[in-house]
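An overview of the molecular structure
Listed below, chain by chain, are the residues.
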Amino acid sequence: MPSESEPCSRINRLSAAAFARPKTSFINALYGRTDIMHWADVVAKELADKYDQPLIATGISPTGIIHVGSLREAITGESVRSAVEGLGKDVRLIYLIDSFDPLRKRYDFLPESFEQYVGMPISRIPCPCGKHMNYAHHFVQPFLDALESLGVKCDIIWTHELYDQGRFAECIDMAMRKRKEVIRILHEVTGKAGDPNYAPYNPVCEKCGRFTSPVFDTYEYPIMEYRCNCGHCGHADVTKGDGKLTWRLEWPAKWKIFGTGAEPFGKDHAAAGGSYDSGKRIVREIYDGVEPYPIPYEFVQLKGVGQMHKSLGSPVTGLDAINMTPPEILNYLFLRVNPERHIDYDSGLGMLDMADEYDRMERIYFEGGGNGTDENSVRAYELAQHNHVPGGMPLQVPYRHLVNVVQMADDFEGVIEILSRTEEMSKANEEDIGRLRRRSECVRYWLNGFAPDSVKFYIADTVPCVELSMVEKVYFQALIPKVMDCNWDADTIGGIVADTAKESPIGSKKGYQALYKILIGKTSGPRLGSFIASMDRNFVMNRLIQASQ
RNA sequence: GGGCCUGUAGCUCAGCUAGGUAGAGCAUCUGACUUUUAAUCAGGUGGUCAAGGGUUCGAAUCCCUUCAGGCCCGCCA
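About the thresholds
Residues numbered from 1 in each chain as written. Chains lettered and ligands numbered in written order. Predicted model: local features only at pLDDT ≥ 70, side-chain atom pairs only at ≥ 80, totals over all residues. Heavy atoms only, no water. Helix = DSSP H or I, 4+ residues; strand = E, 2+ residues; numbered from the N terminus. Buried < 20%, exposed > 50% of the residue type's maximum accessible area, 1.4 Å probe, protein only. Contact = heavy atoms within 4.5 Å. Areas by Shrake-Rupley, 256 points an atom, 1.4 Å probe, with all protein chains shown as cover. Lys, Arg positive; Asp, Glu negative; His and termini not counted. Charge placed at Lys NZ, Arg CZ, Asp CG, Glu CD. Expected span 1.5 Å × (residues − 1). Pairing = 2+ DSSP bridges. Axes fitted to C-alpha atoms, helices over the stretch in contact; angles between N-to-C directions. Phe/Tyr/Trp six-rings, centres within 6.5 Å; stacked < 30°, edge-to-face > 60°. Salt bridge = Lys/Arg side-chain N within 4 Å of Asp/Glu carboxyl O. Right-handed = clockwise from strand over helix to strand, strands pointing away. Parallel < 35°, antiparallel > 145°, perpendicular 65-115°, else oblique. Left-handed = near helix turned anticlockwise from the far one by under 90°. Nonpolar A, V, L, I, M, F, W, Y, C, P; charged D, E, K, R; others polar. pLDDT = per-residue confidence, 0-100.

1. A short note on the overall build of chain A
- Secondary structure summary: chain A contains 23 helices and 12 strands in total.
- Dimensions along the principal axes, computed over C-alpha positions, put chain A at roughly 100 × 60 × 40 Å.
- Among the 549 residues that make up chain A, the fraction classed as buried is 53%.
- Once local pairs closer than 6 in sequence are excluded, the contacts in chain A between residues at least 24 apart make up 70%.
- Total accessible area on chain A is roughly 25,100 Å²; 49% of this is exposed by carbon and sulfur atoms.
- With 62 positive and 74 negative side-chain charges, chain A shows a spacing of 4 Å between the two charge centroids.

Here's what the structure looks like:
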C-alpha cells in the first residue's frame, strides 16, 4: 500500500483508510464481469456501500474567467452522481460557488476602478458589466449556463449565503477554540513553521469592506473583535456573514456541514501537504467529521490552437471550448480517460476525431460490434448521457461531413436542406434536430476561429492559381455543352460529371480532382453533385469556359 | 529542496490492482463498390511498451535508478 502521503496516486490505490477499495474480483463478481470497471463506477460503488444518501460536492471560485478545467471538475462530479443514481441510490450533487472569496488582485481584464475592491468578498463587489447582481454572479453565470447545457444536475449553493445563514458558525467556533491545535496540524502537514498568529477566520471590516485579522484573546462566541488596517475597530458575528474561514479550514468545514461523501478536486489540492491532506486531519480532529472520497484530477491543457488565434495571440478560453464542442462530446472527452490523466484539449483536427469516436461509441452502444478495448469508452458514452440515453439509435450525421455542409449552407435551415438531399431527414425526431442544430453551431464557431485551413474551403471568385493539364481542359470542354442546358439538380449534375469523366481520357478520379481544383483550389471537397447544384449555373459555366482555355 | 501525474503504433488512448503470445480508433497504404469521391466495406503496414538494472520459469505490468513532459507545495482546477 502506498503511504498516506500519496493522495494523488491512481484513484484505485487511494489509501484513505475509510475507503479501502474492495477487491476487483469482488466487484467483477457482483456485476458478472471479468473486466475492469469504469472509474466512475468504482467511486460510485464505494459511495453506495458507505452512504444511504450519498452526497457529492464540487465547486468553483469565480474570481476570474472560467477555464476548461472547471468543466472537468463539474463533469467528473456529475458522472459519479449518475453512476450512483444508476445503482438505485438517492444521490445529490451540490455545486458550491465560492462567492465569498476575496478578490485577490485587479486582473488585467478588469477596469482600473476595480483596484478599490481588492480584498473584498466578490459577492459584495459590483458587476463589471452592470447586468448581474454582483462580481461573483457575473463570472459564474456563463459557467452555470454551460452546466445546464452539459446536463449537469446539481444544486447550486452560494457560499456567501451559507455564511449569512450562520451555517459555518459551529465550525468557526471550533476552529477558534482549538486554534493552537489547528496551527499544529498545519505545521505538521505542510512542514512549514507554524505561525502563532495564524487566523483561521477573517472578519470583514464593516467600514472598508475588506477582509482583516481578528483579535484572538477577546473572542467569545459568537463575537469576534478585529482591528482593521484601515484603522477601524469593530465586532464580527460568526453566525452572520461578517467574515469567513481561510481556505484550509473552510474546505473541511464544508465536508462537515454537508456530510460530503466524495469530491473531485484539482491536483493542486491533492499534492502532499496540500489542502486535502490538512483538510483530512482538520475535519477529524477539529470538526469531528469525515473526509470525502477524494477524486483528484489532472489539469487540462490546450493544444492545437488554430492559426487564426495563434497569430492574434489569444488562447482558447473555457467559453471557447464550450462554444466549439458539442456538450455530449465534451462530457465524453472527460469521461473516456481516468481523472488522473492530463487531457490535451485539441481545438484543431482532434475535435473531429473526438466527435467521430463519440459517434462510433454510440453505434456500438446501440448496435454492438465493439471489441474489448471499446468497453470502457462505451460506458463513458453512457455516462456522458447522465442516465438519459436516447431510447433508440439517434440520427447520426458524420461530423466531418457536417463541417462541409455547414460551409455550404447559410444557416441551419440550409444545413437541413442539404442533408435532406442524401439523408432521410423526416425520420429525425425533435432531439435529433436539436442535437444537429447545436452541433452545427459548434462547427461554425470552430470554423470561424480554430479549424485548420485544410478543412475549410471557399468558392474562389476566379479560377484559382493551379496548373491545369491538357487532359483536364479537354474534360472541361466536354462538360460545357452538357452543363449548359441540363436540369440543375444534384443528381443530374452528379451523373453528368461522372459519365463525362468516365468517357473522357481523364478518368473518374482525376475528373473529380480537376473540378475541385478550379472551384476551390483543392483536390477534394464536398460531394460534387450537390455542391455544384448549390451554385449558380452561369457562374459554373463561366468557370468551365475560363479554365478550359 | 519535497511531492504528484504522465511516457505503449505517425496521432489519441486501452492494457498495469491479480506478471502469462503487444491492443483499438484515427491517419496511411491496398483492393472492392457500374448514380462514383472528404458519408460505404474488406484487408495490410506500422511498437526495443522512454532508457537501464533487479525480482521471476516468464515483466508494458512488481522493485530500484535515470531521462523527458506536465504540475503542486497556506487557497488558479
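2. Examining the side chain of His-138
- By the element assignment, His-138 lies in helix H4 (residues 135–150).
- A residue is classified by how much of its surface remains accessible, and His-138, at 18% relative accessible area, is buried.

3. Observations concerning the environment of Ala-478
- Position of Ala-478 among the secondary structure elements: in helix H19 (residues 470–484).
- Note: C-alpha distance between Ala-478 and Ser-213 (265 residues apart in sequence) is 87 Å.

4. So, helix H20 (residues 490–503)
- The first and last C-alpha atoms of H20 sit 20 Å apart over 14 residues, in line with the 20 Å expected at 1.5 Å per residue.
- Turning to H20, its buried residues are Ile-493, Ile-496, Val-497, Ala-498, Thr-500 and Ala-501.
- Residues of H20 that are buried make contact with H19, helix H21 (508–520) and helix H22 (528–533).

5. Remarks on the sheet that holds strand S6 (residues 223–227)
- The sheet built from three strands is open, its strands ordered S5-S6-S7 with antiparallel pairing. The sheet is open, and its two borders are formed by strand S5 (214–220) and strand S7 (233–237), each paired with just one other strand. With direction set aside, neighbouring strand axes in the sheet form an average angle of 30°.
- Pairing of S5 with S6, which is carried by three bridges, proceeds in the antiparallel orientation. Its bridge partner being in S6, Pro-214 is matched across the sheet by Tyr-226.

6. As for the packing of aromatic side chains
- As enumerated under the stated definition, the model contains 22 aromatic pairs in all.
- Ring geometry for Phe-114 versus Tyr-117: centroids 5.1 Å apart, planes at 75°, classification edge-to-face.
- Taking 4.7 Å as the distance between ring centres and 50° as the angle between the ring planes, the aromatic pair formed by Tyr-135 and Phe-139 counts as tilted. Residue Tyr-135 and its partner Phe-139 are located together in helix H4, separated by four residues, close to a single helical turn.
- A residue is classified by how much of its surface remains accessible, and Tyr-135, at 0% relative accessible area, is buried.
- Site record: aromatic cluster; members linked through ring pairs are Tyr-107, Phe-109, Phe-114, Tyr-117, Tyr-135 and Phe-139.

7. Observations regarding the pattern of salt bridges
- Taken as a whole and assessed by the stated rule, the structure comprises 29 salt bridges.
- Close ionic contact of Glu-250 with Lys-244 constitutes a salt bridge, the shortest N to O distance being 3.3 Å.
- Residue Glu-250 is classed as buried on the basis of its relative accessible area, which comes to 1%.
- Owing to a relative accessible area of 7%, Lys-244 belongs among the buried residues under this scheme.

8. Points about the pairing of strand S3 (residues 155–158)
- As judged from the four bridges shared by strand S2 (residues 92–97) and S3, these two strands associate in the parallel manner. The residue of S3 that forms the bridge with Tyr-95 is Ile-156.
- For the crossover that starts at S2, traverses H4 and ends in the parallel S3, the hand is right-handed.

9. A short note on the packing of helix H8 (residues 247–258) against helix H10 (residues 275–285)
- H10 packs onto H8 with a crossing angle of 55° between their chain directions and a minimal axis gap of 9 Å. It follows that H8 is oblique to H10 by the angle criterion. Handedness of the H8/H10 crossing: right-handed. Counting all contacts with H8, which are made through Trp-247, Arg-248, Leu-249, Trp-251, Pro-252, Trp-255 and Lys-256, the residues of H10 involved are Ser-275, Tyr-276, Ser-278, Gly-279, Lys-280, Ile-282 and Val-283.
- For the contact of H8 with H10, the residue count by class is eight nonpolar, three polar and three charged.

10. Topic: the confidence of the model for chain A
- The pLDDT averaged across chain A works out to 82; a share of 90% of its residues lies at or above 70.
- For chain A, helix H1 (residues 24–31) is the element with the lowest average pLDDT, namely 31, and helix H5 (residues 159–164) is the one with the highest, namely 96.
- Confidence over residues 1–36 falls short of pLDDT 50; this stretch has 56 contacts with residues more than four positions distant or in other chains.
- Within the model, the stretch residues 304–314 combines pLDDT values under 50 with 16 contacts to residues more than four positions away or in other chains.
- Listed scores for the predicted complex are pTM 0.85 and ipTM 0.84.

11. A look at the environment of Glu-503
- Here Glu-503 lies in helix H20.
- The exposure class of Glu-503 is exposed, given its relative accessible area of 61%.
- Spatially, the C-alpha atoms of Glu-503 and Ala-478 are 9.6 Å apart, while their sequence positions differ by 25 residues.

12. Quick look at the packing of H19 against helix H23 (residues 537–547)
- Running from amino to carboxyl end, H19 crosses H23 at an angle of 150°, the nearest separation of the two axes being 8 Å. Overall, the two elements H19 and H23 adopt an arrangement that is roughly antiparallel. In this structure, H19 crosses over H23, and the sense of that crossing is left-handed. Residue-level inspection shows Lys-473, Phe-476, Leu-479, Ile-480, Val-483 and Met-484 of H19 in contact with H23, the latter providing Arg-537, Val-540, Met-541, Leu-544, Ile-545 and Ala-547.
- A class-by-class count of the residues in the contact of H19 with H23 yields 10 nonpolar, no polar and two charged.

13. Examining the pairing of strand S9 (residues 262–266)
- For S9, the tally of buried residues reaches five of five residues, placing the bulk of the element in the interior.
- Burial along S9 is two-sided: the residues Ala-262, Pro-264 and Gly-266 and Glu-263 and Phe-265 are all buried.
- Alignment of S9 against strand S10 (residues 293–297), held across five bridges, turns out to be parallel. If you follow Glu-263 over to S10, its bridge partner there is Pro-294.

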